[in-house]
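Notes for the structure review
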Amino acid sequence: QVHLVESGGGSVQTGESLRLSCVASESVTTFRSMGWYRQGPGKQRELVATLTSGCIANIADSEKGRLTISTDSAKNTVDLQMNSLKPEDTDVYYCTATRWFGSVNWGQGSRVTVSS
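Here's the deal with the packing of aromatic side chains
All chains considered together, the criterion is met by one aromatic pair. Ring geometry for Tyr37 and Trp106: centres 5.3 Å apart, planes at 80°, overall edge-to-face. In this pair, Tyr37 is assigned in strand S4 (residues 31–39) and Trp106 in strand S10 (residues 104–106), connecting sequence segments 69 residues apart. Against the face of Tyr94 rests Arg45, its NZ or CZ located 3.7 Å from the ring centre. Geometry around Trp106 places Arg45 over its ring, the cationic atom sitting 4.6 Å from the centre.

Rendered as structure tokens:
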């Protein structure tokens with residue numbers, strides 16, 4: 001089973017930026033897609049952004065223009081650059097990796113807190 005380890009979360013002020021990074025224990029090329037979801041208390045996990053085949057980005061409509069997702073095959077990472085953060089961006093962010101045959105793996109989560 002692949003291990004996904006997130007880093008880069010933390011507390012920031014409104015308008016600031018954060019870069020989340022997720023390191024996979026296997027080559028990113030073994031996954032059909034990698035990306036990020038978010039989850040708040042009592043809510044379902046929801047899409048933030050995913051990257052399929054390393055080049056096809058799917059970004060939540062509410063996040064477009066503020067996010068950049070990228071993978072680095074040399075480092076086995078998927079990164080999420082988040083700009084112009086708002087208090088409503090506060091959540092736990094989870095890294096995800098989906099294999100070509102469909103199984104989905106999750107990281108342990110990284111908390112992002114944006115204060116006004």
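Observations concerning unusual backbone geometry
Only a minority of non-glycine residues have a phi that is not negative, and only a minority of peptide bonds are not trans. We note that Ser53 has phi near 55°; this positive angle belongs to a residue other than glycine. Relative to the elements of secondary structure, Ser53 occurs in the loop between strand S5 (46–52) and strand S6 (56–59).

Overview of the state of the cysteines
Tallied over the full model, the rule gives one disulfide. Each sulfur in the disulfide pair Cys22 and Cys95 lies 2.1 Å from the other. Its S-S torsion of approximately -80° makes the covalent link between Cys22 and Cys95 left-handed. In this pair, Cys22 sits in strand S3 (residues 18–24) while Cys95 sits in strand S9 (residues 91–99), placing the two residues 73 residues apart along the sequence.

A look at the pattern of salt bridges
This structure, assessed with the given rule, holds nine salt bridges. Residue Asp79 pairs with Arg19 through a salt bridge whose shortest N-O separation is 3.4 Å. Of this pair, Asp79 sits in strand S8 (residues 77–82) while Arg19 sits in strand S3, and the two are 60 residues apart along the sequence. The residue Asp61 makes a salt bridge to Lys64 at a minimum N-O spacing of 3.2 Å. Given a relative accessible area of 65%, Asp61 falls into the exposed group. Taken together, the salt bridges that share partners define one network made up of Arg38, Glu46, Glu63, Arg66, Asp89 and Asp91.

Thoughts on the environment of Arg66
Mapped onto the elements, Arg66 comes out in the loop between S6 and strand S7 (67–72). A sequence separation of 49 residues divides Arg66 from Ser17, and the C-alpha atoms of the two residues are 9.5 Å apart. A distance of 2.9 Å separates polar atoms of two side chains, one belonging to Arg66 and the other to Asp89.

What to know about the pairing of S8
Within S8, six of the six residues are buried, leaving the element largely enclosed by the surrounding structure. Two strands pair when backbone bridges link them, and S3 and S8 are joined in this way by six bridges, in the antiparallel orientation. Paired with Leu20 across the bridge in S8 is Leu80.

The rules we used
- Residues numbered from 1 in each chain as written.
- Predicted model: local features only at pLDDT ≥ 70, side-chain atom pairs only at ≥ 80, totals over all residues.
- Heavy atoms only, no water.
- Phe/Tyr/Trp six-rings, centres within 6.5 Å; stacked < 30°, edge-to-face > 60°.
- Helix = DSSP H or I, 4+ residues; strand = E, 2+ residues; numbered from the N terminus.
- Lys NZ or Arg CZ within 6 Å of the ring centre and 35° of its normal.
- Disulfide = S-S within 2.5 Å.
- Salt bridge = Lys/Arg side-chain N within 4 Å of Asp/Glu carboxyl O.
- Buried < 20%, exposed > 50% of the residue type's maximum accessible area, 1.4 Å probe, protein only.
- Polar contact = N/O pair within 3.5 Å; in protein donor to acceptor, adjacent residues only side chain to side chain.
- Pairing = 2+ DSSP bridges.

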